[in-house]
Amino acid sequence: MSSIYSASAVGAMVDPTKGSLTNRSQCAKEHFKNNFALDAKMALAGAGGAYVALKKPSVAVNLAKVVGEFGAKIVKSLGGKNLAKNILKNPSKYGAYGLAAAGALWVLNTISKHVYKAGQIDQKYTDAAAIESQTKNVILY
């Protein structure tokens, strides 16, 4: 597990707003699963990209060329004829930029989903702790 993200699982165990030890351990378990899923996605994506780039460079170059040509068509349809001509001079270069930008956007989207889910986990167990503390004060006859 990434050391960057492990703080949420450990932090749940020492957070006084999480209530009982059982509630804290459940929260830590959910954070651990959330962190592990993020790390697995990132590792698989990185390994897949590295494999294609290192073991199959012709595939990576052809993919970048196709992306560059497609980008040139889009730019041309939006009225950028001069820019489209520049892109078509070296479509692999601009396609590689496009693939890098798409990868960066995927990473940002994946991290934002992770952070959102971490917030949901924290809220769920904080609410459960509040309910737990309220019911301890009720006297049943």
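Just above, that's the structure.
All values reported here derive from a predicted model rather than from experimental measurement.

Procedures and definitions
Residues numbered from 1 in each chain as written. Predicted model: local features only at pLDDT ≥ 70, side-chain atom pairs only at ≥ 80, totals over all residues. Heavy atoms only, no water. Helix = DSSP H or I, 4+ residues; strand = E, 2+ residues; numbered from the N terminus. Rg over C-alpha atoms; globule rule 2.2 N^0.38 Å. Contact = heavy atoms within 4.5 Å. Areas by Shrake-Rupley, 256 points an atom, 1.4 Å probe, with all protein chains shown as cover. Lys, Arg positive; Asp, Glu negative; His and termini not counted. Charge placed at Lys NZ, Arg CZ, Asp CG, Glu CD. Salt bridge = Lys/Arg side-chain N within 4 Å of Asp/Glu carboxyl O. Buried < 20%, exposed > 50% of the residue type's maximum accessible area, 1.4 Å probe, protein only.

(A) Inspection of the overall build of the protein at higher detail. Along the protein, the regular secondary structure elements total five helices and zero strands. The C-alpha atoms of the protein give 24 Å as radius of gyration, which overshoots the globular expectation for 141 residues (14 Å, by more than 25%). In the protein, the share of contacts with a sequence separation of at least 24, taken over all contacts with a separation of at least 6, comes to 64%. Element-wise, carbon and sulfur atoms account for 66% of the exposed surface of the protein, whose accessible area totals about 9,800 Å². On the protein, the mean spot of the 18 positive side-chain charges and the mean spot of the 7 negative ones are 19 Å from each other.

(B) Region of interest: the pattern of salt bridges. Scanning the model with the defined rule gives three salt bridges in all. Taking the shortest distance from any N to any O, the salt bridge between Asp-15 and Lys-18 comes out at 2.9 Å. According to the relative accessible area criterion, Asp-15 is partly exposed, its value standing at 22%. With its nearest N and O atoms 3.5 Å apart, the salt bridge here joins Glu-30 to Lys-33. Residue Glu-30 and its partner Lys-33 are located together in helix H2 (residues 21–55), separated by three residues, close to a single helical turn. On the basis of relative accessible area, Lys-33 is assigned to the partly exposed category, the value being 47%.

Note that all results are geometric; they support no functional claim without further evidence.
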